[in-house]
Amino acid sequence: MRRILKKFWWLIILIVIAIIIVFVLVKGSDSEYEYTTETVARGDLVQTVDATGKVQSAEEVSLSFQTTGVVKDLFAAVGQEVLKDDPIIGLDDRELKFQLAQADANLRQAQADLNRQLAGASSQDINVSQITANKAYIDYQNAIEELTTLQTKLEKDIVTYEENLAKSKKAYEDSQVDLGNIGNTQDQTVENYKDTLLILIEDSVADMHVSLDEIYKVIEETYFDKYIGQRKMTTVYEEVLLRGAAERSIELLESEFENISISSTDDELDSVVNVATVTLENMFAELRTVYEMLRYSLTSVDFTSTDLNSYKTSISAEQVTISSDLSSLRSAYQNLVSARISKQTQQDTYQSALNSAENSYNVSKANYDLAVATKDSQLTSQENKIEIAKSAWELAVSQLDLKAADPRYVDIAPNQARVAQMQAAYELAQKKFEDAVIKAPIDGTVTSIEYEIGEQVTASSAKPHVVKMENLNGFEIEVDISESDIAKIEQDDEVEITLDAFGDDELFMGTVSSIDPGETVIQDVIYYSVKIVFDPSTEKQVKPGMTANTLIFTESRTGTLFVPRRAVIENNGSGKVVRILDGNTHKEISVETGLRADNGLIEIISGLEEGQEIVTYMKKLK
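Residues numbered from 1 in each chain as written. Predicted model: local features only at pLDDT ≥ 70, side-chain atom pairs only at ≥ 80, totals over all residues. Heavy atoms only, no water.

Counting its regular elements, the protein contains 10 helices and 20 strands. Within the protein, buried positions represent 35% of all 622 residues. Looking at the protein alone, contacts between residues at least 24 apart form 78% of all its contacts between residues at least 6 apart. Accessible surface, the protein: about 36,600 Å² in total, of which carbon and sulfur atoms supply 51%. (Helix = DSSP H or I, 4+ residues; strand = E, 2+ residues; numbered from the N terminus. Buried < 20%, exposed > 50% of the residue type's maximum accessible area, 1.4 Å probe, protein only. Contact = heavy atoms within 4.5 Å. Areas by Shrake-Rupley, 256 points an atom, 1.4 Å probe, with all protein chains shown as cover.)

Here it is, written out as structure tokens:
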């Protein structure tokens, strides 16, 4: 058998050498490197963890509450058999039920506010604008009709035109003064809002640097790799990604902010406000993840609960600061937008008044001068009135269309954010409500209930658990998982099992029933105990003491892009890149990775397309 394998490996080596020679010939002598490549593929990925253990009778399962409270209900008694998900003991949930109802009401209110805004102007408002447009049209038609009667009125109106000329001149001069005054006032208002907005952005940048300092204080002043986020390592990985995104956003904001001043254009200022908003949102997401990471941290003599709570308090305070900055920035920007609109509206109003006064003056003067000389000039002036009436009608129609248009994103974004916030609060309240009842994680028998009705349950209680139960009729497998793999495993993960007693051809199924939070040191290596229960339909043939080989399915992807892990390179802490061929050389493309699967593969979320040729190895030519 070994001789056959030896020949087989020699054949593989010869094939690899042939591929390398062909690759060098194809690439030509112009390249500085010799490349080995793979093709970006699409398919199914599976992540598994394998371990070996022994079959044993099911042991006790210790259960505890995730919250504090007073015991209200005992749904089962000691010695009673229960099925999976049957309730065993429950806390008084009246306050939690009220909190859930309040969170639901807040979510409904936020959604109602957003729906009302999305609905746009009411039918009554649109009807008023429609009436205005209809009136403008009637005015336009009346101007046309007046042309037919003007010829008979010219001689009689000459004296009236002279009086109107003096009045219209005075009105025109007054309108010029009014337009100048309102222009200065509105310009100053806009400048003030711009100045406020720039100060807020500058303060926000300073606050975000303070937040980063607090985050690095958590990372640098604690046993980060030993305690922080160790109960849920995904929070640590997510924090690293979000911190990088936040730092890059701050650098981009500072770069754009250097060239911004009060004299900058509206587009330039709007752009830096959008960057500042995204940066604050990224920083808030990072702080929220750091806080979540602290929630899943371990404590010890070196890193006490007091130390942990102190870091939680500082991070929570930074969340409040960044949230306040984000709210203030949005409010200040909305004030600026409103001021711009108000400025334009006021100027349009006074300009319209000035135009009307000017038109009135010109018409009156023309009527006075030309009515005496010729009727034709007066008729021409009346035709000008018709054009003015037509313009007013078209303007009214445009204003009607504007009012009937959908609301802008910048106006609805705050309400959308509030709906998301209320949704998160509702889900949190719902989880707390559900955690008020301990349910059986497996079929079994209740062996111990440590609390009675009316007794207070607290996190600091000397009692190590609330309920114990056993699966007296089943078997389980206890395996030791290294610390590098334990974060991948979750309760209820599917497991394939083979037993040495039956051989590799007979496959048993099972699930992960529990994960011990405490570590076990074996030959200076940290392991965690994981228990696996058999599927009841296959368990009858099993006996205690049998050697079990387990394959735990931790995660999978269907129809996703993937490449060999060796092709993905860390880019000096600023993300991950993959090299692709570009003619006779290569270039680097930033990618976002996902699942680290079996067989040395890794999922590509973004950055590459199926069928692209990527570099897995490169050797510099002499």
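Having put the structure on the table, let's press on.
This part covers the side chain of Thr-498. One can find Thr-498 in strand β12 (residues 494–499). Classification of Thr-498 by relative accessible area gives buried; the value is 14%.

Here we come to the layout of surface pockets. Quantified by volume, the second largest pocket comes out at close to 1,300 Å³. Ser-352, Ala-392, Leu-395, Ala-396 and Gln-399 are, among the 46 residues lining the second largest pocket, the residues nearest its centre. Contributing elements (two or more residues each) for the lining of the second largest pocket: α3 (123–153), α4 (158–221), α7 (305–373) and α8 (375–404). The greatest single-element share of the lining of the second largest pocket, amounting to 16 residues, is contributed by α7. When the residues that make up the lining of the second largest pocket are grouped by side-chain class, the tally is 15 nonpolar, 21 polar and 10 charged. (1 Å grid on protein atoms, 1.4 Å probe; cavity = no way out; pocket = protein on both sides within 12 Å on 5 of 7 lines; lining within 4 Å. Points joined across faces, edges and corners; volume = space filled by probe spheres on them. Nonpolar A, V, L, I, M, F, W, Y, C, P; charged D, E, K, R; others polar.)

Another aspect to go through is the pattern of salt bridges. As a working rule, side chains carrying opposite charge can pair if their charged atoms are close by. Counted according to the given criterion, the structure contains 20 salt bridges. Here Glu-239 ties to Arg-243 by a salt bridge, and the two come within 2.6 Å at their closest N and O atoms. In this pair, Glu-239 and Arg-243 are both assigned in helix α5 (residues 233–257), 4 residues apart and thus about one turn of the helix distant. You'll find Glu-239 and Arg-243 in the same group, each marked buried. Glu-476 is the salt-bridge partner of Lys-531, the closest N and O atoms lying 4.0 Å from each other. Of the two residues, Lys-531 sits in strand β14 (residues 525–534) while Glu-476 sits in strand β11 (residues 475–482), which places them 55 residues apart along the sequence. Assigned by exposure class, Lys-531 and Glu-476 land together as buried. Residues participating in the shared-partner salt-bridge network are Lys-194, Asp-266, Asp-270 and Arg-340. (Salt bridge = Lys/Arg side-chain N within 4 Å of Asp/Glu carboxyl O.)

Take the packing of helix α2 (residues 94–119) against helix α9 (residues 409–434) next. At their nearest, the axes of α2 and α9 sit 8 Å apart, and the two run at 160° to each other. As judged from the angle between their axes, α2 and α9 are roughly antiparallel. Crossing of α2 over α9 shows left-handed handedness. Its residues assigned to classes, the contact of α2 with α9 shows 14 nonpolar, 9 polar and 6 charged. (Axes fitted to C-alpha atoms, helices over the stretch in contact; angles between N-to-C directions. Parallel < 35°, antiparallel > 145°, perpendicular 65-115°, else oblique. Left-handed = near helix turned anticlockwise from the far one by under 90°.)

Once that is clear, we can look at the nonpolar core. Core analysis: the biggest nonpolar cluster contains 43 residues, and Leu-197, Ile-201, Ile-215, Leu-253, Val-272, Met-283 and Leu-294 have the highest contact counts within it. Counting residues per element, the ones that place at least two in this core are α4, α5, α6 (266–295) and α7. With near-sequence residues (within four places) excluded, Leu-253 lies in contact with Ile-201, Val-205, Met-208, Val-272, Val-275, Ala-276 and Thr-279. If you look at the next biggest cluster of nonpolar residues, it comprises 22 residues, including Ala-51, Val-495, Val-530 and Ala-548. (Core = buried A, V, L, I, M, F, W, Y, C linked by side-chain atoms within 4.5 Å.)

On to the packing of α5 against α6, then. At a minimum axis separation of 8 Å, α5 and α6 run at an interaxial angle of 155°. By the angle between their axes, α5 is roughly antiparallel relative to α6. Here α5 runs over α6; the crossing is left-handed. Tallied by class, residues from the contact of α5 with α6 come to 15 nonpolar, 6 polar and 6 charged.

The next subject is the environment of Ser-310. As for its position among the elements, Ser-310 is in helix α7. The spatial distance from the C-alpha of Ser-310 to the C-alpha of Val-218 is 9.9 Å, given a sequence separation of 92 residues.

With respect to topology, 4 strands assemble into an open sheet ordered β7-β6-β4-β9, the strand pairing being antiparallel. In the strand order of this sheet, the two ends are held by β7 (437–439) and β9 (456–457), each with one partner. Where strand β4 (residues 69–74) and β9 come together, 2 bridges link them in antiparallel fashion. Bridge pairing in β9 links Gly-69 to Val-457. (Pairing = 2+ DSSP bridges.)

The next subject is the confidence of the model for the protein. Per-residue pLDDT for the protein averages 82, and the proportion of residues at 70 or more is 90%. Put simply, helix α1 (residues 2–27) is where the protein has its lowest mean pLDDT, 50, and strand β19 (residues 601–606) is where it has its highest, 92. Counted against residues more than four places away or in other chains, residues 1–8, with its pLDDT under 50, gives 0 contacts. (pLDDT = per-residue confidence, 0-100.)

This part takes up unusual backbone geometry. Phi angles above zero are rare outside glycine, and Asp-85 is one such case at about 75°. Residue position: Asp-85 is located in the loop between β5 (81–82) and β6 (87–91). Look at Asp-524: it is not a glycine, yet its phi comes out positive at around 65°. As for its placement among the helices and strands, Asp-524 is situated in the loop between β13 (503–522) and β14.

Looking at where Ser-364 falls in the secondary structure, it is placed in helix α7. Residues Ser-364 and Thr-160, 204 residues apart in the sequence, show an inter-C-alpha distance of 9.2 Å.

For the rest of this paragraph, the subject is α5. In this model α5 runs 36 Å from its N-terminal to its C-terminal C-alpha over 25 residues, within 8% of the 36 Å that 1.5 Å per residue would give. Along α5, the residues that are buried comprise Met-233, Thr-235, Val-236, Glu-239, Arg-243, Gly-244, Ala-246, Ser-249, Ile-250, Leu-253 and Phe-257. (Expected span 1.5 Å × (residues − 1).)

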